[in-house]
Amino acid sequence: MSEQEKTPETKIDKNRRYCALDNTLASMLVTQLGSELYNKHLYMTFANYFDTDGLPKLGDYYKMRADEEELHHKWIYEYLNYNDVCFTYPTVKEIDINIKNRIDPFLATVDKEIETTSNINKIVEKARDLKDWATFNWLMGGGPIEGKLIPEQVDIAA
């Protein structure tokens, strides 16, 4: 057999035998896990503000937003477990916001959603760069376990 007929040996990351995700991608998802919990706590803070300010319908709106963030957290948690990622929960920083008026929560919500969407898009880009099509498809809403982080961002923007 000539040298040209020999195929080069493929390098296999043997760590993936135990954890299906690339370490960087797993780390990004764990960070996002913490971000989703922060967002949940932020929205519950806004729900409390509106509930105690005599605007219970706006309180309900923010409770609904908090439930959505909990769902995103659950999706990421389940995906990490599905891929055998052993992790420690990230620290969720304290909600340190001074609500001066009824508009502040809405402005903070828009800013937080822009930041969250940007971070999720970075995860999508990393999955694409790694050719991790399972994670890419999961982020897009297709996969063996639920996870529709990208469609969720599109639905919110519409």
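Scroll up to find the structure this text is about.
**Q** Could you give an account of the side chain of Thr-135, naming the residues involved and the relevant values?
**A** Positionally, Thr-135 belongs in helix α4 (residues 133-139). At 2.7 Å, the side chain of Thr-135 forms a polar contact with the side chain of Tyr-79. With sequence-adjacent residues up to four places away left out, Thr-135 is seen in contact with Leu-21, Leu-25, Tyr-79 and Ala-127.

**Q** Talk me through the pattern of salt bridges; I want residue IDs and the actual numbers.
**A** Overall, the coordinates contain 8 salt bridges when judged by the stated rule. With a shortest N-O distance of 2.7 Å, Asp-53 and Arg-102 are connected by a salt bridge. Placement of Asp-53 in the loop between α1 (23-52) and α2 (56-82) and of Arg-102 in the loop between α2 and α3 (104-129) is noted, with a sequence separation of 49 residues between them. Linking Glu-113 and Arg-65 is a salt bridge whose minimum nitrogen-to-oxygen distance equals 3.1 Å. Highlighted residues: Glu-113 in helix α3 and Arg-65 in helix α2, separated in sequence by 48 residues. By relative accessible area, Glu-113 is classed as buried at 9%. For Arg-65, a relative accessible area of 8% gives the class buried. Three or more residues are tied together by salt bridges with common partners; here these are Asp-51, Asp-60 and Lys-63.

**Q** Run through the nonpolar core, naming residues and quoting values.
**A** Counting 17 residues, the largest nonpolar core has Leu-21, Leu-29, Ile-76, Leu-80, Val-85 and Trp-138 as the members making the most contacts within it. Of all the elements in the fold, those that place two or more residues in this core are α1, α2, α3 and α4. Among the elements that take part in this core, α1 stands out by supplying 5 residues, more than any other. The next biggest cluster of nonpolar side chains, apart from the first, holds 12 residues, and it includes Leu-42, Tyr-49, Tyr-62 and Ala-108.

Calculation criteria
Starting from 1, residues in each chain are numbered consecutively following that chain's sequence as written. Only residues with pLDDT of at least 70 get local features here, since the model is predicted, and only at 80 or more are side-chain atom pairs given and counted; chain-wide, interface and lining totals rely on the full set of residues. Values shown for side chains rest on all heavy atoms present in the structure; no hydrogens or waters enter the calculation. Helix and strand definitions here come from DSSP, where helices need a minimum of 4 consecutive H or I residues and strands a minimum of 2 consecutive E residues; each element is numbered from the N-terminal end. Here a polar contact is recorded for every N or O atom pair within 3.5 Å, except that within protein the pair must consist of a potential hydrogen donor and a potential acceptor, and residues adjacent in sequence are included only if both atoms are side-chain atoms. When checking whether two residues touch, look at their non-hydrogen atoms; a contact exists if any pair is within 4.5 Å. Here, a salt bridge means any side-chain nitrogen of Lys or Arg that lies within 4 Å of a carboxyl oxygen of Asp or Glu. Under the scheme applied here, a residue whose accessible area is under 20% of the maximum for its type counts as buried, over 50% as exposed, and between as partly exposed, the area being computed with a 1.4 Å probe on protein chains only. The term nonpolar core refers to a set of buried residues drawn from Ala, Val, Leu, Ile, Met, Phe, Trp, Tyr and Cys, joined through side-chain atoms within 4.5 Å.

Geometric values such as these leave the question of function open.
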